[in-house]
Amino acid sequence: MAHVLVAYATKHQSTAEIAEAIAGELRARGHVAEAAEAGHATADGFDAVVLGSATYAGRWRREARHFLSHERDRLAAMPFWVFSSGPIGEPKPDAPPDDDKWLEPRKVIEQAEALGVREHVVFGGHVPQDPGNFVERAMLQNTPEEYQDLRDWDEIRAWADRIADALSA
Ligand SMILES: Cc1cc2nc3c(=O)[nH]c(=O)nc-3n(C[C@H](O)[C@H](O)[C@H](O)COP(=O)(O)O)c2cc1C
C-alpha cells in the first residue's frame with residue numbers, strides 16, 4: 001500500500017475533478033491517496049506523486065510548474081506520473097504536426113523526463129462553464145455542447161489503475 005499525493009493546478013476546477021477521480025480510484029485499489037492543490041502541497045512524506053495541470057495557451061498553470069521545480073529532488077527519488085488536461089472542441093483531423101505543443105508544454109515534459117517521470121498523458125478538458133473573460137465566454141458560446149466536456153472518465157480511471165498496479169508491484 002502506497003501513500004500517494006495527487007497534486008493539481010486548475011483555474012475552473014475541471015482538473016481538480018480529474019485529480020479527485022484519480023485519487024478515488026487509487027483508494028479503491030487499496031492505496032492511501034489524497035488530491036490537493038499543487039500550490040499548497042508538498043511531496044514530503046509521500047511514497048509517490050501524480051502531478052496534473054490544466055493547460056492554457058500552451059502552458060501549465062504556475063502552481064504546477066512551481067511544484068515541479070520546487071519538489072524536483074523529492075520527485076527524482078520517488079515514482080511520479082504527470083497529466084495535462086485541456087483539449088476541448090471538435091477534433092481537428094488536419095492539425096499541423098506541432099499541434100501537440102498546445103496539449104503538453106514541451107519544457108514541462110522535458111523537466112519531468114529528466115526527473116524520471118514514469119508516464120505523462122493528456123486528458124480531454126472541459127470548457128469553462130463560468131467564463132471569467134471575453135475569450136472564455138467566446139469559447140463557451142462557440143463550442144458545440146457535445147464537445148464541451150471531453151474528459152473520459154473510463155480513460156482516467158484506467159490510467160489510475162495502471163498507476164495502482166505499478167505501486168503494488
Ligand atoms: C483561454 C483558454 C485557453 C486554452 N488553451 C488551451 C491550450 O493551449 N491547450 C489545451 O489543451 N487546452 C486549452 N484550453 C482548454 C482548457 O485547458 C480546458 O478548458 C481545461 O479543462 C480547463 O481546466 P480547469 O477547469 O482545471 O481550469 C484553453 C481554455 C481557455 C479558456
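Everything below is about the structure printed above this text.
If you're wondering where the values come from, they're calculated on a predicted model, not measured in any experiment.

Trainee: What's the story with the site of the ligand in this structure? I'm lost.
Mentor: Thr-10, Thr-15, Thr-55, Tyr-56 and Trp-102 are the nearest of the 23 residues found near the ligand. For the ligand, an oxygen atom lies 2.7 Å from a polar atom in the side chain of Ser-14. In this structure, an oxygen atom belonging to the ligand sits 2.6 Å away from a main-chain N or O atom of Thr-55. For the ligand, the protein covers 90% of the area, taking 640 Å² as the surface of the free molecule. By residue class, the composition of the shell around the ligand is 10 nonpolar, 11 polar and two charged.

Trainee: Any chance you could explain helix α6 (residues 153-168) here in plain terms?
Mentor: Because the α-helix completes a turn every 3.6 residues, residues three or four places apart line up on one side. Relative to the 22 Å expected for 16 residues at 1.5 Å per residue, α6 spans 22 Å between its end C-alpha atoms, a close match to the ideal helical length. Inspection of α6 places Ile-156, Trp-159, Ala-160, Ile-163, Ala-164 and Leu-167 among the buried residues, and these make up the whole buried set. The buried residues of α6 occupy one face: seen down the axis, they fall within an arc of 145°. For α6, the exposed residues set more than 90 degrees away from the buried face come down to Asp-154 and Ser-168. In this structure Asp-152 caps α6, since a side-chain oxygen of it lies 3.1 Å from the backbone nitrogen of Asp-154.

Trainee: So what exactly am I meant to see when it comes to the pattern of salt bridges here?
Mentor: According to the stated counting rule, one finds nine salt bridges in the structure shown. Salt-bridge contacts for Glu-17 lead to Arg-151; the nearest nitrogen and oxygen are separated by 2.7 Å. Of this pair, Glu-17 sits in helix α1 (residues 14-28) while Arg-151 sits in the loop between α5 (134-142) and α6, placing them 134 residues apart in sequence. The exposure class of Glu-17 is partly exposed, given its relative accessible area of 40%. A relative accessible area of 9% means that Arg-151 is categorised as buried.

What counts and how
- Residues numbered from 1 in each chain as written.
- Predicted model: local features only at pLDDT ≥ 70, side-chain atom pairs only at ≥ 80, totals over all residues.
- Heavy atoms only, no water.
- Near = heavy atom within 4 Å.
- Polar contact = N/O pair within 3.5 Å; in protein donor to acceptor, adjacent residues only side chain to side chain.
- Areas by Shrake-Rupley, 256 points an atom, 1.4 Å probe, with all protein chains shown as cover.
- Nonpolar A, V, L, I, M, F, W, Y, C, P; charged D, E, K, R; others polar.
- Helix = DSSP H or I, 4+ residues; strand = E, 2+ residues; numbered from the N terminus.
- Expected span 1.5 Å × (residues − 1).
- Buried < 20%, exposed > 50% of the residue type's maximum accessible area, 1.4 Å probe, protein only.
- Arc of directions from axis to C-beta.
- Salt bridge = Lys/Arg side-chain N within 4 Å of Asp/Glu carboxyl O.

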